[in-house]
Amino acid sequence: MSRVSENSSSAAVNFAISRAKSKLEDLQLKGSTMKSMNRPSDNPVSNIESLTIKSATADNKQYMRNSNFAQLNLSATEHALENITDILVKTKEIGIAQASDLYNSDVRKNISNEVVQLRNELLVISNKRIGNKYIFGGYATTKPPFDKDGNYRGDSGQMALEISKDFFIPINLNGSEIFFSDDDSSAKMAHPLEKFQQMERTPKYDVGKEPKQLEDEKEESLQKIDHSIQEKQTQKRDLASNAEHQNSFKPRDNIFSQLNTFIVALESNDPKLIQDLLEKFDNSISRLITLRTRVGSLMNSLESAKSGIDQENIDFATRQSQISDADVAELFSDIQKQQQILKTTYQAGKASLNRTLMDFVL
Amino acid sequence: MADLLSIGKTGLFASKKSLETTGHNLANANTEGFSRQRVIQQTGIPIVKGGLIHGTGSRIKNVVRIHNEHVEKKLHDATSEHSFFKEKAFQLAQVEDVFNEINQDGLNKVLNKFFNSFRELGNQPENETIRSYVRDNAKLVLKDFKRIKTTLDSIDKNISRKVQANVVAINQIITNVATLNKKIATSESSSDEASDLRDSRDNKINQLSEFFQTKVYSDGKGRYVVSAEGVGTLVAGGEAQLLAVGGDNRTGSEPDGRMHVYFKNRPSYPFTNKIKKGELAAMIAVRDQDIGQLRKNVDLVAFEFINTVNAIHRRGYVNRQVKLDPQGKAIDNNKNHPINGINFFAVPKELKNISENIALSKEVLADLSNITTAMSPNSPGDNRIALAISKLQSEKILDNGTTTLEEKYLQSIGTIGLISGKAKLNADQSHGILNQTKSVKERFSGVSIDEEAANMVRYQHAYDASAKVMKTAEEMFQTVLSIKR
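Below: a short report on this structure. Nothing here was measured: the structure is a model prediction, and the numbers come from that model.

The next thing to look at is the nonpolar core. With 90 residues, the main nonpolar core has Phe99, Phe114, Phe305, Phe344 and Phe345 of chain B as its most contacted residues. For this core, the domains that each give at least three residues are domain 2 (71-77 + 161-282 + 426-438) and domain 3 (107-149 + 289-413) of chain B. Not counting residues within four places of it along the chain, the set of residues in contact with Phe305 of chain B comprises Leu111, Phe114, Phe115, Val141, Phe145, Phe345 and Leu405 of chain B. With 50 residues, the next largest nonpolar core counts Leu277, Leu278, Leu298 and Met299 of chain A among its residues.

Set out below in structure tokens:
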């Protein structure tokens, strides 16, 4: 049996009460926020996981926006391609009809008016806009990519968007791909960031070195890369630009020039030339169909990326809830239990604190 | 019969003294650090008279306190242990609040928003409104870096201030202990143990143990020699070595912008980092190690963030119409309006304290079209720069290419959460131990009212009985005197 003094018993009661109360307070906080953790130290590991999930969810939200934007662009492109194909098919029908010697020059002249109209329609489509943005201009999106003679003023820029983590898809076709058949840049879509080698390796910062000096070093290496990109870029521009086309001896196989030639052939009553053109129309149509298939498959991968993100979001939400949400049933039964403990602690304290021998012997 | 009277008297005295002590105990039942006292009673020196040994009643030998030195030492240790963890948990809780993103937004969220705003800009690179959205988000990032920095700084400053206040308190306590040493030596030279003075001295040492771990031994004359573990002697006999705090202007020290602790008469030997246990050691550890490390990590994240964003951004061309030379190269002849090589953030001067001094570059602040997205001039639809910046989010650019910015920052949060949680746990545990030790001491030395009540009854009875003895002696005198009549 150990001796009990006034202070030891009151301290014991105090300790018991404060322990019971602080537990209740903790539970109360959990109950009021409905979260199982309220500070990083409550569960450091889960806290980090929860923050990572939060970022990933925010990223997914942005990827979703990107996907929707890409979808808008691609479906506009698809519609435009469809319209162009329609125009070409129509032109070809006219061409087939006019390739024979059945018609005379007067009829052909009249027909040529119709073709001129088709060509104008084509021009309108080629300068299609979404909002203020010309979709067929490559990177030159703020000015019409085709002038009234059908000369291409844009570049071969390919705009890509990230529609889910590290998954980039192109969202535009440039004018040269669609209207110039011998441009072979169309088939491949390079990763938009493959030129950024410096992102692969870390720029090292020695503690001893001054940041300015480091900056210079970095600058140098970047400029090297820069230069190579620049060269490629300008090369491509030349390929696509019409300046070269106008000067070149052999006319480029261009839908506009096909139509122009067709108009000339009709006006000059030249069925031989029209016959030659028919094959070119076929080539253009089949190219357009290839392009449409490409856009279609991009749309498909967009859809699957979107549903992937949706699924991921659900998984994230589930995990997030597991990590940070309080288990309501458990929480409230804990609160109930803790309240009971506090109550009995009070009662026990009352029993030991309120009575002394003084009450009886003196 | 005179013997009887005097025996009765000794009993009366002894009982009265015991009652007094009981009263003293009861009066001090709630005095901090008080040890109950007990009267040590002895029989009087017997005398031999007529071949018989006569008892001479009782006498008071001395009044002692019920005290266990060993328990006292354990209490000091438990006190410094607990106050160390308690203070550490308290300070770290403030630090972790800076990084608490559970119910509010923090740097991780705004960084994420920053990168996603570049993704949004990648959707519509020709859009001016989104450029301003990007700039606003960048400002939020800068603001949050600054928030972290200034909050950490203010916790640091508060700690230094508290250290200063602690040193004042410590000086007072050690002066008190020195005075008590002198008083105890004087009063014990003429009598026995000076219980009450010793109690209050032990209590002072316990107060001192809240600040750091103490080491105490007696010098043989009942005077304490008090030293702080790892630091040196603070009190020797009646002399106290006072402490002082000072910043960088102290002579002979490396300036590090922090408050240091040293002996007043030896200012060039600070022992700030040598203090063990107790509140002081906890505060200094949090200030110099934990906050220091966090600050370094946040600075590093800020530095890498700014430089990598800048490096990519510099390669972009402005979102304006630019004149080209015949080779298709951009003509860049206006120094005040560069078209390329523009920094997004102002280039930091030094790594240290970078998160406080970061800002957007003046070009970006002046003109939204200086936020570049294109890798070639006159390409408003080119989003490659914006994409590259947004991809920095998942690029492993830190720690030799093994860690992303987000990971590095989250590591810091993880670490602070872990050490804060550990300190909290330790504080709870050491609180239990302290309470246990306190209770051991109180059980042994503390006043029990029940016990004192019983004693009171006992001593009163003895007093009554002794008085009865004297009365009997008086009656016997009367009897003897009445013989003559």
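This next bit is on the interface of chain B and chain A. Of the residues lining the interface, 87 residues belong to chain B; the matching set on chain A comes to 72 residues. Buried area between chain B and chain A, both sides added, is near 6,900 Å², and the carbon and sulfur share of it is 53%. For the chain B face of the interface with chain A, the top three residues by lost area are Ile102, Arg315 and Arg443 of chain B, together amounting to 11%. Our enumeration of links across chain B and chain A arrives at nine salt bridges.

The next thing to look at is the sheet that holds strand 8 (residues 239-240) of chain B. All names here are of chain B. In spatial order, the strands read 5-6-7-8; together these four strands make up an open sheet with antiparallel pairing. Of all strands in the sheet, those bounded by a partner on one side alone are strand 5 (214-218) and strand 8. In this structure, strand 6 (residues 224-228) lies alongside strand 7 (residues 232-236), joined through four bridges in antiparallel fashion. Bridge pairing in strand 7 places Val225 opposite Ala236. Lying over the sheet, helix 4 (residues 128-190) contacts strand 6, strand 7 and strand 8, oriented at roughly 45 degrees with respect to strand 7.

We now examine the packing of aromatic side chains. All names here are of chain B. Applying the stated criterion across every chain, the model contains 18 aromatic pairs over all chains. On the basis of an interplanar angle of 50 degrees and a centroid distance of 5.3 Å, the ring pair of Phe305 and Phe345 is categorised as tilted. You can see Phe305 sitting in helix 6 (residues 278-313) and its partner Phe345 sitting in the loop between helix 6 and helix 7 (354-357), a full 40 residues away along the chain. An aromatic cluster of three or more residues is present, and its members are Phe114, Phe115, Phe118, Phe145, Phe305, Phe344 and Phe345.

Another aspect to go through is helix 5 (residues 195-209) of chain B. For an α-helix the count is 3.6 residues per turn, leaving residues at separations of three or four pointing the same way. Spanning 15 residues, helix 5 of chain B covers 21 Å between terminal C-alpha atoms, matching the ideal 21 Å at 1.5 Å per step. Of the positions making up helix 5 of chain B, those classed as buried are Ser195, Arg198, Asp199, Arg201, Asp202, Asn203, Ile205, Asn206, Leu208 and Ser209 of chain B.

In this structure, Lys277 of chain B takes a positive phi of about 55 degrees despite not being glycine. Position of Lys277 of chain B relative to the elements: it lies in the loop between strand 10 (260-263) and helix 6.

The subject of this paragraph is helix 1 (residues 6-33) of chain A. With 28 residues, helix 1 of chain A extends 41 Å from end C-alpha to end C-alpha; this agrees with the ideal 40 Å at 1.5 Å per step. Residues of helix 1 of chain A that are buried include every one of Asn7, Ser8, Ser9, Val13, Ile17, Ala20, Leu24, Leu27 and Gly31 of chain A, and no others. Lining the buried residues of helix 1 of chain A we find helix 9 (328-353) of chain A together with helix 10 (405-445) of chain B. Of the residues trailing helix 1 of chain A, Met34 of chain A is marked for its positive phi of about 60 degrees.

Moving on: the packing of helix 2 (residues 69-98) of chain B against helix 10 of chain B. All names here are of chain B. At a minimum axis separation of 7 Å, helix 2 and helix 10 run at an interaxial angle of 155 degrees. When the axes of helix 2 and helix 10 are compared, the pair comes out roughly antiparallel. Between helix 2 and helix 10 the crossing geometry is left-handed. Residues belonging to the contact of helix 2 with helix 10 are distributed by class as follows: 15 nonpolar, eight polar and nine charged.

This part takes up the environment of Ala80 of chain A. All names here are of chain A. Looking at where Ala80 falls in the secondary structure, it is placed in helix 2 (residues 44-99). When the C-alpha positions of Ala80 and Ser126 are compared, they lie 7.8 Å apart, and in sequence the two are 46 residues distant. Contact partners of Ala80, with chain neighbours within four places excluded, come to Ile125, Lys128 and Phe136.

All names here are of chain B. Relative to the helices and strands, Gly33 resides in the loop between helix 1 (2-27) and strand 1 (37-43). Classification of Gly33 as buried rests on a relative accessible area of 15%. Distance in space between the C-alpha atoms of Gly33 and Lys204 is 8.9 Å, their sequence separation being 171 residues.

Relative placement of two packed helices is described by the angle separating their axes and the distance separating the axes. Residue and element names in this part refer to chain A. Between helix 1 and helix 9, the least distance of the axes is 9 Å, while the angle of their chain directions is 160 degrees. Compared by their axis directions, helix 1 and helix 9 come out roughly antiparallel. For the pair helix 1 and helix 9, the sense of crossing is left-handed. In this structure, helix 1 contributes Ser10, Val13, Ala16, Ile17, Ala20, Lys21, Lys23, Leu24, Leu27, Lys30 and Gly31 to the contact, and helix 9 contributes Leu331, Asp334, Ile335, Gln338, Gln339, Ile341, Leu342, Thr345, Tyr346, Gly349, Ser352 and Leu353. Looking at the contact of helix 1 with helix 9 residue by residue, the classes come out as twelve nonpolar, seven polar and four charged.

About the thresholds
- Residues numbered from 1 in each chain as written.
- Chains lettered and ligands numbered in written order.
- Predicted model: local features only at pLDDT ≥ 70, side-chain atom pairs only at ≥ 80, totals over all residues.
- Heavy atoms only, no water.
- Core = buried A, V, L, I, M, F, W, Y, C linked by side-chain atoms within 4.5 Å.
- Buried < 20%, exposed > 50% of the residue type's maximum accessible area, 1.4 Å probe, protein only.
- Domains from an automatic or database assignment.
- Contact = heavy atoms within 4.5 Å.
- Buried area = accessible area lost by both parts, 1.4 Å probe.
- Salt bridge = Lys/Arg side-chain N within 4 Å of Asp/Glu carboxyl O.
- Pairing = 2+ DSSP bridges.
- Helix = DSSP H or I, 4+ residues; strand = E, 2+ residues; numbered from the N terminus.
- Axes fitted to C-alpha atoms, helices over the stretch in contact; angles between N-to-C directions.
- Phe/Tyr/Trp six-rings, centres within 6.5 Å; stacked < 30°, edge-to-face > 60°.
- Expected span 1.5 Å × (residues − 1).
- Parallel < 35°, antiparallel > 145°, perpendicular 65-115°, else oblique.
- Left-handed = near helix turned anticlockwise from the far one by under 90°.
- Nonpolar A, V, L, I, M, F, W, Y, C, P; charged D, E, K, R; others polar.

Spatial relationships are all this shows, so hold off on functional conclusions.
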